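Here is what each chain is made of, one letter per residue.
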Amino acid sequence: MKKLIITLSLFSLLVFGGCTKSFLDVRSYDDLVGNEFWKDRNDVEMYMQGLFYDFRATTTSSIFLAATGDFRAAPVLFAHPSLPDDLKAYKMFSLLRTNDLDEIYNYYNISEYDYLPAFPKRDFARFDLVKRWSGFYQIIQKANIAVVEINKEGGPDLSERERKQYTAEAVFVRNLCYFFLVRVFGDVPYYTEAYFDKVIGRTNMLEVLANIDKDMSEYYKDLPWTYSNNAQVGSRAQRGGAIALMMHTNMWLAGFSESKKDEYYQRTITLGDELLNENQNAYGLVNIDNIETVFQGRSKEGLFEITQNSNFSGEVFNRTLTFAQMVKSRRVSTTAQIFYSIVKYDIGYMNKLYPLNEPDKRKALWFNGDMDPSIPNNPTYFDCKKFHTKAQLAINDLVPNNNQIVFRLPDCILLQAEAYANLNQPGPAYEKLMVIRNRAEASALNSAMSLDELKDAIWFERSRELFGESHYFFDLVRTKKATNPAYTTNPILSSDFAKGAWTWPIDRSALLNNPEMVLNTFWNN
């Protein structure tokens, strides 16, 4: 395994190392791997493993996932005053709550961090990496090369099935990268050529999303529903993950395309039916009492996930910056029994998600302690154990070893429910919603509720079920609920939302040697 990690790391350096002249930070193929590559299946397999390895590095080497998906505009508080001085540096994350991204970068660049040994300036949160899109474009370029080289005449010695499957994997990865880019930056440059080194501007996000759906539609059926090799289940592209990507893409299209929204809602439902009814028993909901196995990875519930392995330093996330690490309570005093998590959620919000007097097994399985605000000092205590195994908790091992779930089955079931509700079909919407609530042994909901009440119930069920899985802010954006105080304690003004306040600043390096490029003008970038 160590040899494989070294190989992949060197391969990534070979493919993407060095400076470039293009704003996308890509290189021509002649400079990449030479003519001796792409000879057999081993070459292709190594290349594809490198593709997923680079995706993990791009998304987990900084606070990217938690910052963009979980904490932004969320009802969270950071850096309790009783924490040690070094952890007080986390006060900057409170700026995510108020969507003050300009101030984050003003704060991030000050020299205050120079005296914080636990958080050196260059390593602290790595907010600088969040606004750089070059990592995703390096992966896109690599995926584009794979599509061409796998299919060229005289290419690698593969069976027809292998050729199609590897091609579909590369297409999945490039479209996954584009989807991540759109959710964070809005309009982004789009291309699928393998040897791309042109100067181009940004493509309208709706066109990019439509291209994702069209591109995936052509290739996704060449992916297997699952793999016989358990190590590849969930961590490599499989058909369920591709369908989930298309479902999300269509829900984003519906959210920003008023005139065609019903078409996109219907496509989401159709894709969901295929996922649920034609998966050849590859996927299914895990019993609620065994829900921790989902986050360990490779479960029948996982459709695509980013893996980590604590036994190998090259296979772990920057775990001090993961959601799982920041919401787990730990002892912060060597002389007293004082426990705090780095991040705590507003107790009123938590009681809205998990009402005190209503049954829901997720409360006990995912959270320690009583979240009753009437208990003195209880609102200062927050302890989420959702991403830690029982074995870890038993020995007080608070360093998470969970996989990062990108798509899983309940996510898609609730997207279907949302699409049905938006097409004024409350019956099937309620049915899908109750599939998730029944699995959690949660209280039944009134089947005669109004359509608006049903839509709200589905929204909060997504927030409840997918807590900490990097969906919260993105759901706010695609539904336009980011401007509504009924759904976030930190709403964005409608006028600011229209100007791009939901996007992230783009690093100014994107302007280098590219007169066609413009930044997200709402931010100082």
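Here is a short report on the structure shown in this document. (Residues numbered from 1 in each chain as written. Predicted model: local features only at pLDDT ≥ 70, side-chain atom pairs only at ≥ 80, totals over all residues. Heavy atoms only, no water.)

Brief notes about the packing of helix α10 (residues 239–256) against helix α17 (residues 409–422)
Now for step 1: It is the contact of α10 with α17, at a shortest axis distance of 10 Å, that shows an interaxial angle of 35°. α17 is crossed by α10, and the crossing has left-handed handedness. Residues A244, M247, H248 and M251 of α10 form the contact with α17, whose own contacting residues are D411, C412, L415, Q416, E418 and A419.
Now for step 2: For the contact of α10 with α17, the per-class residue count stands at six nonpolar, two polar and two charged. (Axes fitted to C-alpha atoms, helices over the stretch in contact; angles between N-to-C directions. Helix = DSSP H or I, 4+ residues; strand = E, 2+ residues; numbered from the N terminus. Left-handed = near helix turned anticlockwise from the far one by under 90°. Contact = heavy atoms within 4.5 Å. Nonpolar A, V, L, I, M, F, W, Y, C, P; charged D, E, K, R; others polar.)

Examining the pairing of strand β6 (residues 404–408)
Now for step 1: Burial analysis of β6 places five of its five residues in the buried class, the great majority of the element.
Now for step 2: Judged from the four bridges that link them, strand β2 (residues 302–306) and β6 form a sheet pairing that is antiparallel. Each bridged residue has a counterpart across the sheet, and for E305 the counterpart in β6 is I405. (Buried < 20%, exposed > 50% of the residue type's maximum accessible area, 1.4 Å probe, protein only. Pairing = 2+ DSSP bridges.)

Section: the pattern of salt bridges
Now for step 1: Enumeration according to the criterion identifies 31 salt bridges in this entry.
Now for step 2: Of the charged contacts, one joins K361 and D289 as a salt bridge, the two residues approaching to 2.9 Å between their closest N and O atoms. Within this pair, whereas K361 is found in helix α15 (residues 361–366), its partner D289 is found in the loop between α11 (261–277) and α12 (292–296), the two being separated by 72 residues in sequence.
Now for step 3: With a relative accessible area of 29%, K361 lands in the partly exposed category.
Now for step 4: The residue R439 makes a salt bridge to E301 at a minimum N-O spacing of 2.8 Å. A residue pair is termed long-range when its members are at least 10 positions apart, and R439 in helix α18 (residues 426–439) and E301 in the loop between α12 and β2 qualify at 138 residues. Neither R439 nor E301 differs from the other in exposure class; each is buried.
Now for step 5: Taken together, the shared-partner salt bridges connect E301, D360, R362, K386, R408, R437, R439, E461, R464, E465 and E469 into one network. (Salt bridge = Lys/Arg side-chain N within 4 Å of Asp/Glu carboxyl O.)

Thoughts on the packing of α10 against α11
Now for step 1: Two elements in contact, α10 and α11, have axes whose closest approach is 8 Å; the angle formed by their N-to-C orientations is 165°. If you check the angle between α10 and α11, you find them roughly antiparallel. α10 and α11 meet at a crossing whose hand is left-handed. Between α10 and α11, the residues in contact are G240, I243, M246, M247, N250, M251, L253 and A254 and K261, Y264, Y265, R267, T268, L271, G272, E274 and L275, respectively.
Now for step 2: Considering only residue class, the contact of α10 with α11 consists of 10 nonpolar, four polar and three charged. (Parallel < 35°, antiparallel > 145°, perpendicular 65-115°, else oblique.)

Description of unusual backbone geometry
Now for step 1: For S470, which is not glycine, the phi dihedral falls at a positive 65°.
Now for step 2: With respect to the helices, strands and loops of the structure, S470 is situated in the loop between α19 (451–465) and α20 (472–478).
Now for step 3: Positive phi outside glycine occurs at N513, with the angle close to 55°.
Now for step 4: As for its placement among the helices and strands, N513 is situated in the segment after α21 (494–498).

A few points about the packing of aromatic side chains
Now for step 1: Counted under the stated rule, the structure contains 40 aromatic pairs.
Now for step 2: When the ring of F64 is compared with that of F180, the centres are 6.4 Å apart and the planes differ by 10°; the resulting orientation is stacked. Here F64, found in helix α3 (residues 64–70), pairs with F180, found in helix α8 (residues 160–185); they are 116 residues apart in sequence, far enough to count as distant.
Now for step 3: With a relative accessible area of 3%, F180 lands in the buried category.
Now for step 4: When the centroid spacing of 6.4 Å and the interplanar angle of 15° are considered together, the rings of Y137 and Y191 count as stacked. Residue Y137 is located in helix α7 (residues 134–151), and its partner Y191 is located in the loop between α8 and α9 (205–219); the two are separated by 54 residues in the primary sequence. Here Y137 matches Y191 in class, with each residue buried.
Now for step 5: Here K142 stacks its cationic end above the ring of Y47, 5.1 Å away from the centre of that ring.
Now for step 6: It is K386 that lies over the ring of W366; its NZ or CZ is 4.1 Å from the centre. (Phe/Tyr/Trp six-rings, centres within 6.5 Å; stacked < 30°, edge-to-face > 60°. Lys NZ or Arg CZ within 6 Å of the ring centre and 35° of its normal.)

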